[in-house]
Amino acid sequence: MQNSLGVLLSVSTLLLWSVGDFYIQKSTRLVGIWKSLFFISFFGMVLELPFVWVEVQKIFLSPQSLILLVVLGLSIFLAALLDFEALKRGKIAVVEPVFGLGIPFTVFLAVVSGHDILSLTQSLLIGAIFIGIILSVVVKGSFRYDRIIWEKGVFIAILGTLAMALTNFLTGIGSQLISPLMTIWFINFFLTITTFVYLFAKGEWRSLPNDLRRHSKVILEESLFDNIAWLSYAFAMTLIPISISTSIAESYIVMAVLLGVSVNKETLNRHQVLGVILAVLGVISLSLTVTG
């Protein structure tokens, strides 16, 4: 029952991240990256506070837990900056496959640290999901292995993916050692403070109330979906291994491909179809190794 719930929450994260990214993209185009990140974290921090108030008071009296959460906050802040910068400098068709490296990087951290123990079957299925994701997002002619390292934004994307892998791992550790709610609340608290300091320094904080009034629907939608997704992810990692939960949840990248087909009437290349099938079958099979 516990494993089944963990898989269900991981799949929920997959779906919620897919929808959340759609609204985040709209929001960043309307108010900018920093303001979007501020609104998401601010609303998450405020809405989650009543549920963690007792823990908040305790956490600042526990140096070990506080250090873990601060490092987590720094890693997700760094990951966000690097990912946004990579997308700004590079081609999406090239950068997105690099983001797919988040799965093997996270699995590496979880396994090498001795936190996760995977069977050979689970390891092979995670590998299949990773390959499927890469194939599904690579557009024909956009990803030349002999030129990829020279593409703009790729090196930054790799650094961002490493930071996000550390974020995934520490989110799992924090959720298990402290609590999922407290871990996600602290991430939102940390990002709210850091993004507001940036907006204050730039003099852009004055326009926040006006931006919220003008674009309240999109801002509330991105905040709702993204925060619920992260909470779902955090709870999932307390029920099943971090490696498995991450491999399932990170497959939301494939959902973006499928949305492009259904909404934008895009045509998939043969290798992309193979990638989607491989990733979907991999997720289903990996889930069965936990719940079966």
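The coordinates are above.
Residues numbered from 1 in each chain as written. Predicted model: local features only at pLDDT ≥ 70, side-chain atom pairs only at ≥ 80, totals over all residues. Heavy atoms only, no water.

A.B. asks: Help me out: how do you make sense of the packing of aromatic side chains in this one?
C.D. replies: A ring pair, where both rings are aromatic, is described by two values, the distance of the centres and the angle of the planes. Taken as a whole, this structure holds 15 aromatic pairs when the rule is applied. Considering the side-chain rings of Phe38 and Phe42, the 5.6 Å spacing of their centres and the 15 degrees angle between planes classify their relative orientation as stacked. Within this pair, Phe38 and its partner Phe42 are both found in helix α2 (residues 33-59), separated by 4 residues, close to a single helical turn. Of the residues examined, Phe38 reaches a relative accessible area of 8% and is grouped as buried. Seen in terms of ring centroids, Phe196 and Phe200 are 6.3 Å apart; in terms of plane orientation they differ by 35 degrees. Their pairing is tilted. Note that Phe196 and Phe200 are positioned in helix α8 (residues 180-202) at a spacing of 4 residues, about one turn of the helix. Here the aromatic cluster, defined as three or more aromatic residues joined through ring pairs, consists of Phe38, Phe39, Phe42, Phe43, Phe196, Phe200 and Trp205. (Phe/Tyr/Trp six-rings, centres within 6.5 Å; stacked < 30°, edge-to-face > 60°. Helix = DSSP H or I, 4+ residues; strand = E, 2+ residues; numbered from the N terminus. Buried < 20%, exposed > 50% of the residue type's maximum accessible area, 1.4 Å probe, protein only.)

A.B. asks: Can you help me understand the environment of Leu135 in this one?
C.D. replies: One can find Leu135 in helix α6 (residues 120-137). Judged by relative accessible area, which is 25%, Leu135 ranks as partly exposed. For the pair Leu135 and Val254, spaced 119 residues apart in sequence, the C-alpha to C-alpha distance is 9.6 Å. Not counting the four nearest positions on each side in its chain, Leu135 is found in contact with His271, Gln272, Leu274 and Gly275. (Contact = heavy atoms within 4.5 Å.)

Any link to function would need more than the numbers given here.
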